[in-house]
Amino acid sequence: MNLILRSMKNRAERDFAGAQRPERQAPAPPEDLDIAALGFPAGDGHTLYADLYRQKERDGAPMPVAVMVHGGGLFTGSRSANRAFCEVLARRGFLVFAPDYRLLDAADGFREIADVSAALAYLGQNLDRFGGDAQRVFLFGESAGAWLSLYAAAAMRNASLRRLFGCAQPEYALRGLVGISGMYYTARPDPLGLVYRRDLYGRRRGNRAVMALMDPEHAAVTAALPPMLLTSSGADFLKAYTLRYADALRAQGRPCELVYFPEGKNLVHAFPSLHPDLPESKAALKRILAWMDTLG
């Protein structure tokens, strides 16, 4: 990991005092929910972990599924960062699956995408056992997790991307993809791209064909995506990425819904998932759920 990213990682861990580390979080399970930690195999034999959330009292009907991929700049964070949001979704009747993926001190961007893909494949192999509905699987990605989710989703329908990332192909199709304050652009010559380029792409950053595909506006990528909903806010430091990507999808005729809150200093980066108790977060979730309903 380069010195800038290492410094950012150290600062994040210092600022949050390890609050995102699962081993330092041991809240009592809510009485109304079942929460289980599960191991799943990554493509290279490494074992990763995910949390599964379900209501204890269920009617036996297959549940809609929400997969939640956490943020953290690709160098920090864990599946527990969005626990409160996952609990909210579970109480709405969703089977919620929140996987970990390896971070940049142990993997490059291709491996991280493959880890998310492996989580999606494992979920598909166990949907019946978990009680999920294979016809209603929605993928949520927060910040850096939105970038991973976008490419993992596109790889499900694009064989070239699966070969590039070394991804598995799940046995179902995503109904929709929700990007929360997404870090969609990682290969542009802007400050973020210049900081991340080497660690994410390694030697392949010199391959023009590969790097062309790492532009999320590439037609091969957008054509493979399910319908998307993007959400951001005026106080989100990555808001320009969300607004640009929404415009790009619409210009290509791709189905895209934008939920944008222009005002509110407290509506910081990824507020709907990191601060789900805010009134605006509840309003955002209401619009997300209504959008899901339009997709069937």
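Residues numbered from 1 in each chain as written. Predicted model: local features only at pLDDT ≥ 70, side-chain atom pairs only at ≥ 80, totals over all residues. Heavy atoms only, no water.

1. A word on the confidence of the model for the protein
When pLDDT is averaged across the protein, the result is 93; 96% of the residues are at 70 or more. Confidence drops under a pLDDT of 50 for residues 17-24, and excluding neighbours within four residues, the segment shows 14 contacts in the predicted structure. (pLDDT = per-residue confidence, 0-100. Contact = heavy atoms within 4.5 Å.)

2. Let's talk about the sheet that holds strand β6 (residues 176-180)
One open sheet accounts for eight strands, arranged β1-β2-β4-β3-β5-β6-β7-β8; its pairing is mixed. A strand with exactly one partner marks an edge of an open sheet, and here the two such strands are β1 (33-41) and β8 (256-261). Strand-to-strand, the axes of this sheet are offset by a mean angle of 20°, without reference to chain direction. Along the sheet, helix α4 (residues 144-156) contacts β3 (63-69), β5 (132-142), β6 and β7 (228-233); its crossing angle with β5, the most-contacted strand, is approximately 140°. In the packing of helix α11 (residues 279-294) onto the sheet, contacts are made with β5, β6, β7 and β8, and the angle to β8 comes to roughly 170°. (Pairing = 2+ DSSP bridges. Helix = DSSP H or I, 4+ residues; strand = E, 2+ residues; numbered from the N terminus. Axes fitted to C-alpha atoms, helices over the stretch in contact; angles between N-to-C directions.)

3. Observations concerning the packing of helix α3 (residues 109-130) against helix α6 (residues 191-201)
α6 packs onto α3 with a crossing angle of 70° between their chain directions and a minimal axis gap of 6 Å. In terms of axis orientation, α3 runs roughly perpendicular to α6. Residues G109, F110 and E112 of α3 pack against D199, L200 and Y201 of α6. When its residues are assigned to classes, the contact of α3 with α6 shows three nonpolar, one polar and two charged. (Parallel < 35°, antiparallel > 145°, perpendicular 65-115°, else oblique. Nonpolar A, V, L, I, M, F, W, Y, C, P; charged D, E, K, R; others polar.)

4. Some points on helix α9 (residues 239-251)
The end-to-end C-alpha distance of α9, which contains 13 residues, comes to 18 Å, matching closely the 18 Å that a straight helix rising 1.5 Å per residue would cover. Residues of α9 that are buried: Y241, T242, Y245, A246, A248 and L249. Axial view of α9: buried residues confined to an arc of 165°, hence all on one face. The exposed residues of α9 that point more than 90 degrees off its buried face are A240 and A251. (Expected span 1.5 Å × (residues − 1). Buried < 20%, exposed > 50% of the residue type's maximum accessible area, 1.4 Å probe, protein only. Arc of directions from axis to C-beta.)

5. Comments concerning the pairing of β8
Sheet analysis places β7 next to β8, joined by six bridges and oriented parallel. Among the inter-strand pairings, T231 is bridged to a residue of β8, identified as V259. For the segment spanning β7, α9 and β8, crossover handedness is right-handed. (Right-handed = clockwise from strand over helix to strand, strands pointing away.)

6. Considerations on the nonpolar core
Membership of the largest hydrophobic core comes to 74 residues, with the highest contact counts inside it found for F165, Y196, M214 and Y245. Per-element tally for this core: the top contributor is α4, with 11 residues. M214 has contacts with F110, I113, W147, Y151, L164, F165, A187 and Y201, leaving out every residue within four places of it along the chain. Core analysis: the next-biggest nonpolar cluster, separate from the first, contains 28 residues, Y53, F140, L229 and L285 among them. (Core = buried A, V, L, I, M, F, W, Y, C linked by side-chain atoms within 4.5 Å.)

7. Overview of the pattern of salt bridges
Two side chains of opposite charge can pair, provided their charged atoms sit close to one another. Counted by the stated rule, this structure contains 12 salt bridges. Notably, a salt bridge pairs D105 with K9, separated by 3.7 Å at the nearest N-O pair. Of the two residues, D105 sits in the loop between β4 (95-99) and α3 while K9 sits in helix α1 (residues 3-16), which places them 96 residues apart along the sequence. Exposure remark for K9: the relative accessible area of 7% places this residue in the buried category. Here D51 ties to R79 by a salt bridge, and the two come within 3.1 Å at their closest N and O atoms. (Salt bridge = Lys/Arg side-chain N within 4 Å of Asp/Glu carboxyl O.)

8. Comments concerning the environment of P170
Within the secondary structure layout, P170 lies in the loop between α5 (159-165) and β6. A relative accessible area of 8% means that P170 is categorised as buried. Distance in space between the C-alpha atoms of P170 and A155 is 9.9 Å, their sequence separation being 15 residues. Ignoring anything within four residues of it in the chain, the contact list for P170 reads L120, A121 and M156.

9. Regarding the packing of α3 against α4
Following both chains from N to C, one finds α3 and α4 inclined at 65°, their axes separated by 9 Å at the closest point. Classified by chirality, the crossing of α4 by α3 is right-handed. Residues G109, E112, I113, V116, S117 and L120 of α3 form the contact with α4, whose participating residues are W147, L148, Y151, A152 and M156. Residues belonging to the contact of α3 with α4 are distributed by class as follows: eight nonpolar, two polar and one charged. (Left-handed = near helix turned anticlockwise from the far one by under 90°.)

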